[in-house]
Each structure stands twice: as structure tokens, then as C-alpha cells.
Amino acid sequence: MIKKIFKHAIISTLIISFPNILQAENDLKFKGDLRLRTQYETQGEDTRLRERIRFRLGASKELSEQTTVKFGFATGSNDLRSTNQTFDNTFETPDIRFDYAYIDQKLSNQLSLRAGKMKNPIWKPSDLLWDSDINPNGVSFQYKRAHYNITSALLILEENVNSTNKDPIMAVIQPQIKWNLTPAIQIKNAIGLYLTQHVKGASLTHTAETNTGATTALPNEFAPIVLSAQADLTDQLGLELLRPFGELVINNNADSNNRGGLIGLTVGNKKVKQFGSWQSKIIYRYLEADAWLDMLPDSDAYGGATNTKGLELILKYGLSKNISVVLDYYMMDVIDGTSNSQSLAQLDFNVKF
């Protein structure tokens, strides 16, 4: 039934958009970025040094005031959580793939629809649960008012998993509210209610193998509740931006190892878009084994696994309007089991155009 609703939503969107596609006259608008990365990691007695590259190119086409088509390409492989390409295999030419392609359709002044392989519609102040490279498949609706939004989405995880003729899906609804306590203090809160279907009994692709039954059959559906919060304090304590943020997750369909949380603080300039501008973050995360699907969290935090905890430090420094350098350092370990700590340092040179 849910899959039929999804198909009808896609078809309806295309029908609504088709006349605008025929009449479109606007040019494509392009944007992109190039990142050069040096990455050094240690885990136990193993060490690894890698030079990596990422290139992304995106475009959008405004077909009318109601309809926009957006698409993008990126380097990498079929890994949903990485668009990096390691310098390897004697100058081998890297892959470049579709990163996203979707329709953004305004249905009214307050309601909009997004369908396809889309930029993640869910608001997230951190990457505790969603790696920033993930562009999910499905359809989403967003209702916007002055101080609150409601985002809902139906996301297709896999098709005909394990030859069962069942398609694992994830449904989410996320009410969000934001308000200004004072001209210098803005707060945003959200609660995300998630529910999977046909995940129970499945072994999903790209698992980090840390969920119970990940490689054989997951014992239950996932039903997490996620609380998200962020506060922006401007021009306080001599800083342009002071931003505490955090997230909590509880998976109600697991009896144990079902909780996680993250707390962080950003300080510095609001934007790093000129020479000398900067931002720094300190983050602590804790994510138990069955709190969340283990193919979705930040892939740099212990390989994107659950059952992990640790500290992350980030420093970003602007060299010009479009160029910056970033130092990102993780210190991670497992929660349950034999300690096997990981240290990961990344030095990035970013160019946006």
C-alpha cells in the first residue's frame, strides 16, 4: 500500500510538472566543489596514510515558480556514505556517478514536495545519525509556516531484499519549531518519529555489521524517536557565533543497546567566506549498537558503525571567499566489547565554485 502511494506521488508530480518542463526558458545554474584530503588513521597497531580527492558538480533548472529540477554528479563508488576517491592503482581513472536527481515542486505557498534521489530533507544539527553524503531515495513533503515546519518522508531502503518480494522502507515525520528569544538568541528544536517496514528479517546492504543480526537477519523493525536542538547566540563573549547543539535517539523496538546522543559546540564566525574567518567545533558522540541503522551514521566516526563513542575536534579557516582549509580529528572507541581505539586525522583543502 505504501509503495503504491509513493508511485502515485511520483507520477502526480511528473504530470503537474510536465507543462512547465515544455515551457522552461531559464538556463541551468551550476555549482561545485573540489576537496583535496590527507588522511591519517591509527587503530591498534595498524596505521594508514591516504591522499584523497572529491569532486562534485551540481545543477538546477527552474522550470517555473512552482517547479525546479536539481541533479548532481560526484566522484566515488557505490558507497552511500563517501564520495572520496583515494589516489591508488597507478593513476587509475576514478568513477563519477549520479549523486542526486529530483524534482522540487511547490504545491502551495506553505506545502512543497520533493521526489527522486534527493538531498536529505530531514533537519539535522549533527551527523550522529545521518552521514552528510547520504542522498536518500523516495518522496518527502514539507509544510512551512513562520516559526514551524513539518517534514515528512517515505524513503526506499532496498528493493526485493533477500528475494522476499518485500521492499524495506523508512517513514519519518519531523515537526520543527524555531523562535527568537532575543535579537541575539535564536533556538531551533525538532522531534523526529521514524518507523521502518520489512527491515525485520532482512540483511541490508552497506551494513557496518554492528546492529544485532546485521549480517544474518535483523530481529526487529526500527522505531527511533530523535530529539534535535540548536541555539545560535550572536555577538556574545567577543564571538560572532556561539552555537551549542545536540541530538538524542531512542529506538523503541529494541530492549537494550538502544540509545544514543551527541553534544557539541561551534564557535567563531557565522560563515567562513573570507581570509581570516574561522569556525571551530568540539563534539562528543555516543551511539549504542541498536539505536540506529548502522549503514547511516557519519562514516568517519569509527567507520560509521554503531556501538561507538568518542570525541571530534574541527577547525576551519578561510583563505578567500571560495577557499578554506579544515582540520578534523576523531578519537573513537567501542562502547561494549574489547577496547580497540581509533584515531583519525583529516586535513582538507576546499575550493567551491
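Predicted model, so just to flag it, every value in this text is computed and none were measured. (Residues numbered from 1 in each chain as written. Predicted model: local features only at pLDDT ≥ 70, side-chain atom pairs only at ≥ 80, totals over all residues. Heavy atoms only, no water.)

Secondary structure assignment for the protein chain yields 1 helix and 17 strands. In terms of overall size, the protein chain behaves like a compact globule, its C-alpha atoms giving a radius of gyration of 21 Å where 353 residues would be expected to give roughly 20 Å. Here the C-alpha coordinates of the protein chain stretch approximately 60 × 55 × 50 Å along the principal axes. Across the 353 residues that make up the protein chain, the buried fraction comes to 44%. Long-range pairs, those at least 24 residues apart, make up 57% of the contacts in the protein chain with a sequence separation of at least 6. Just so you have it, the protein chain exposes about 18,700 Å², and 55% of that area is on carbon and sulfur atoms. Computed over 38 positive and 38 negative side-chain charges, the separation of the two mean positions in the protein chain equals 8 Å. (Helix = DSSP H or I, 4+ residues; strand = E, 2+ residues; numbered from the N terminus. Rg over C-alpha atoms; globule rule 2.2 N^0.38 Å. Buried < 20%, exposed > 50% of the residue type's maximum accessible area, 1.4 Å probe, protein only. Contact = heavy atoms within 4.5 Å. Areas by Shrake-Rupley, 256 points an atom, 1.4 Å probe, with all protein chains shown as cover. Lys, Arg positive; Asp, Glu negative; His and termini not counted. Charge placed at Lys NZ, Arg CZ, Asp CG, Glu CD.)

Strand direction decides the pairing type here: strand 14 (residues 278-287) and strand 15 (residues 308-318), joined by 10 bridges, are antiparallel. Each bridged residue has a counterpart across the sheet, and for Lys281 the counterpart in strand 15 is Ile314. Of the pairings in the sheet, the one linking strand 15 to strand 16 (residues 323-334) comprises 11 bridges and is antiparallel in character. Bridge pairing in strand 16 links Lys316 to Val326. Connecting the antiparallel pair strand 15 and strand 16 is a turn made up of 4 residues. (Pairing = 2+ DSSP bridges.)

One pass over the full model with this rule turns up 7 aromatic pairs. A centroid spacing of 6.0 Å and a plane angle of 50 degrees characterise the contact between Tyr100 and Tyr102, whose relative ring orientation is tilted. When the centroid spacing of 5.8 Å and the interplanar angle of 75 degrees are considered together, the rings of Trp130 and Trp292 count as edge-to-face. With Trp130 in the loop between strand 6 (111-117) and strand 7 (137-144) and Trp292 in the loop between strand 14 and strand 15, this pair connects stretches of sequence that are 162 residues apart. The same class applies to Trp130 as to Trp292, namely buried. (Phe/Tyr/Trp six-rings, centres within 6.5 Å; stacked < 30°, edge-to-face > 60°.)

Moving on: the environment of Gln174. Along the chain, Gln174 falls in strand 9 (residues 169-182). Using a relative accessible area of 3% as the deciding quantity, one classes Gln174 as buried. A sequence separation of 23 residues divides Gln174 from Thr151, and the C-alpha atoms of the two residues are 5.1 Å apart. Apart from the residues within four sequence positions on either side, Gln174 is in contact with Ile122, Trp123, Asn149, Ile150, Thr151, Ala190, Ile191 and Gly192.

Among the nonpolar cores identified, the biggest contains 32 residues, and Leu129, Trp130, Tyr194, Leu204, Trp292, Leu293 and Leu296 are the most heavily contacted of them. Where this core is concerned, the elements lending two or more residues are strand 5 (96-106), strand 8 (148-156), strand 9, strand 12 (239-251) and strand 14. Those residues within four positions of Tyr194 in sequence are excluded, and the remaining contacts are Ile122, Trp130, Met170, Ala171, Val172, Phe222, Ala223, Pro224, Val226 and Trp292. Counting residues in each nonpolar core, the second largest holds 7 residues, with Tyr330, Met332, Val334 and Leu344 among its members. (Core = buried A, V, L, I, M, F, W, Y, C linked by side-chain atoms within 4.5 Å.)

Mapped onto the elements, Glu247 comes out in strand 12. Buried within the structure, Glu247 lacks any salt-bridge partner; its nearest side chain of opposite charge belongs to Arg285, at an N-O separation of 8.2 Å. A distance of 2.6 Å separates a polar atom in the side chain of Glu247 from a polar atom in the side chain of Ser126. Within polar-contact distance, the side chain of Glu247 engages the side chain of Ser228 at 2.7 Å. Contacts of Glu247, omitting those with residues within four sequence positions, involve Lys124, Pro125, Ser126, Leu128, Val226, Leu227, Ser228, Gly260, Gly261 and Leu262. (Salt bridge = Lys/Arg side-chain N within 4 Å of Asp/Glu carboxyl O. Polar contact = N/O pair within 3.5 Å; in protein donor to acceptor, adjacent residues only side chain to side chain.)

Remember that the coordinates give geometry; whether it matters functionally is a separate question.
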